[in-house]
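Descriptive structure summary
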Amino acid sequence: MTARWTFAAALTVAASLAACSAEPSAPVAGDAYVRLAAVPGRPAAGYFLLHGGAGDATLVQVEAPGAARVELHTSRMTGNGMATMDSLPSVRVPARGSVAFVPGAQHVMLFGLPASVVPGGTLPLTLRFADGSAVRADARVIAAGDAAPE
Ligand SMILES: [Cu+2]
């Protein structure tokens, strides 16, 4: 195998990792975005897709630069048809499975984001796992009324 072919093979591996079709050892995050609240001072919501790696993983914390606090949440309907949210201590990411953080289900809540976080920007999220590993997900920042990015 020539050096050129080796390089092409490495690129192919990187591309398939990004597409979630290979089996990376750690989870991979993609399609991240943060929707700001309609009312200033209220928390923003963060969404992303997590693709499990070769082994089970447990997401224990999400960090965002400048945020006062970030919590893992899940939404549910109460008996009288009202939407409510519960805080989650962690979220399990099964090996080779996928976990969607989407509106109406699991999501992250970002409290006290700095005023510099505005629609059109990018917020680098750090997702920390129970084994000490971490992955970064660059979240697109959108306004409260914006549709989710494609
Ligand atoms: Cu929430």
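From a predicted model like this one, the values you see are computed outputs, not experimental measurements.

Attention now moves to the overall build of the chain. What the chain contains, in helices and strands, is 1 helix and 10 strands. Listed N to C, the secondary structure of the chain is α-β-β-β-β-β-β-β-β-β-β in terms of helices and strands. Counting the 150 residues in the chain, one finds 27% classified as buried. In the chain, 64% of the contacts between residues at least 6 apart in sequence involve partners at least 24 apart.

Turning next to the confidence of the model for the chain. Summarising the model, the chain shows a mean pLDDT of 88, and 84% of its residues fall at 70 or more. When the criterion is pLDDT under 50, residues 5-17 qualifies, and its contacts beyond four places in sequence or with other chains add up to 7 contacts.

With respect to the helices and strands, the residue G53 is situated in the loop between β2 (44-51) and β3 (57-63). When the C-alpha positions of G53 and G97 are compared, they lie 7.8 Å apart, and in sequence the two are 44 residues distant.

What follows covers the environment of R42. Residue position: R42 is located in the loop between β1 (28-35) and β2. With 12 C-beta atoms counted inside 10 Å, the residue R42 sits in the exposed group. Here the alpha-carbon distance between R42 and L113, two residues 71 residues apart in the chain, equals 9.1 Å.

β2 sits mainly inside the fold: 7 of its 8 residues count as buried. Pairing between β1 and β2: 6 bridges, direction antiparallel. For R35, the partnering residue across the bridge sits in β2 and is A45. The pairing of β2 with strand β8 (residues 106-111) spans 3 bridges and is classified as antiparallel. Paired with A45 across the bridge in β8 is M109. Pairing between β2 and strand β7 (residues 98-101): 4 bridges, direction antiparallel. Pairing of F48 across the sheet is with F101, part of β7.

Once that is clear, we can look at the pairing of strand β5 (residues 83-88). Counted residue by residue, β5 has 0 buried out of 6 residues, so it is predominantly exposed. Relative to β5, strand β4 (residues 69-77) runs antiparallel, the two sharing 6 bridges. Paired with T74 across the bridge in β5 is D86. Counted between consecutive antiparallel strands, the loop separating β4 from β5 contains 5 residues, among which G81 sits at a positive phi close to 80°.

What follows deals with the environment of L72. Within the secondary structure, L72 sits in strand β4. With 27 residues separating them along the chain, L72 and A45 place their C-alpha atoms 9.9 Å apart. Setting aside anything within four residues of it in sequence, one finds L72 in contact with V62, S87, L88, V91 and V108.

Calculation notes
Residues numbered from 1 in each chain as written. Predicted model: local features only at pLDDT ≥ 70, side-chain atom pairs only at ≥ 80, totals over all residues. Helix = DSSP H or I, 4+ residues; strand = E, 2+ residues; numbered from the N terminus. Buried ≥ 20, exposed ≤ 12 C-beta atoms within 10 Å, placed from the backbone. Contact = placed C-beta atoms within 7 Å. pLDDT = per-residue confidence, 0-100. Pairing = 2+ DSSP bridges.

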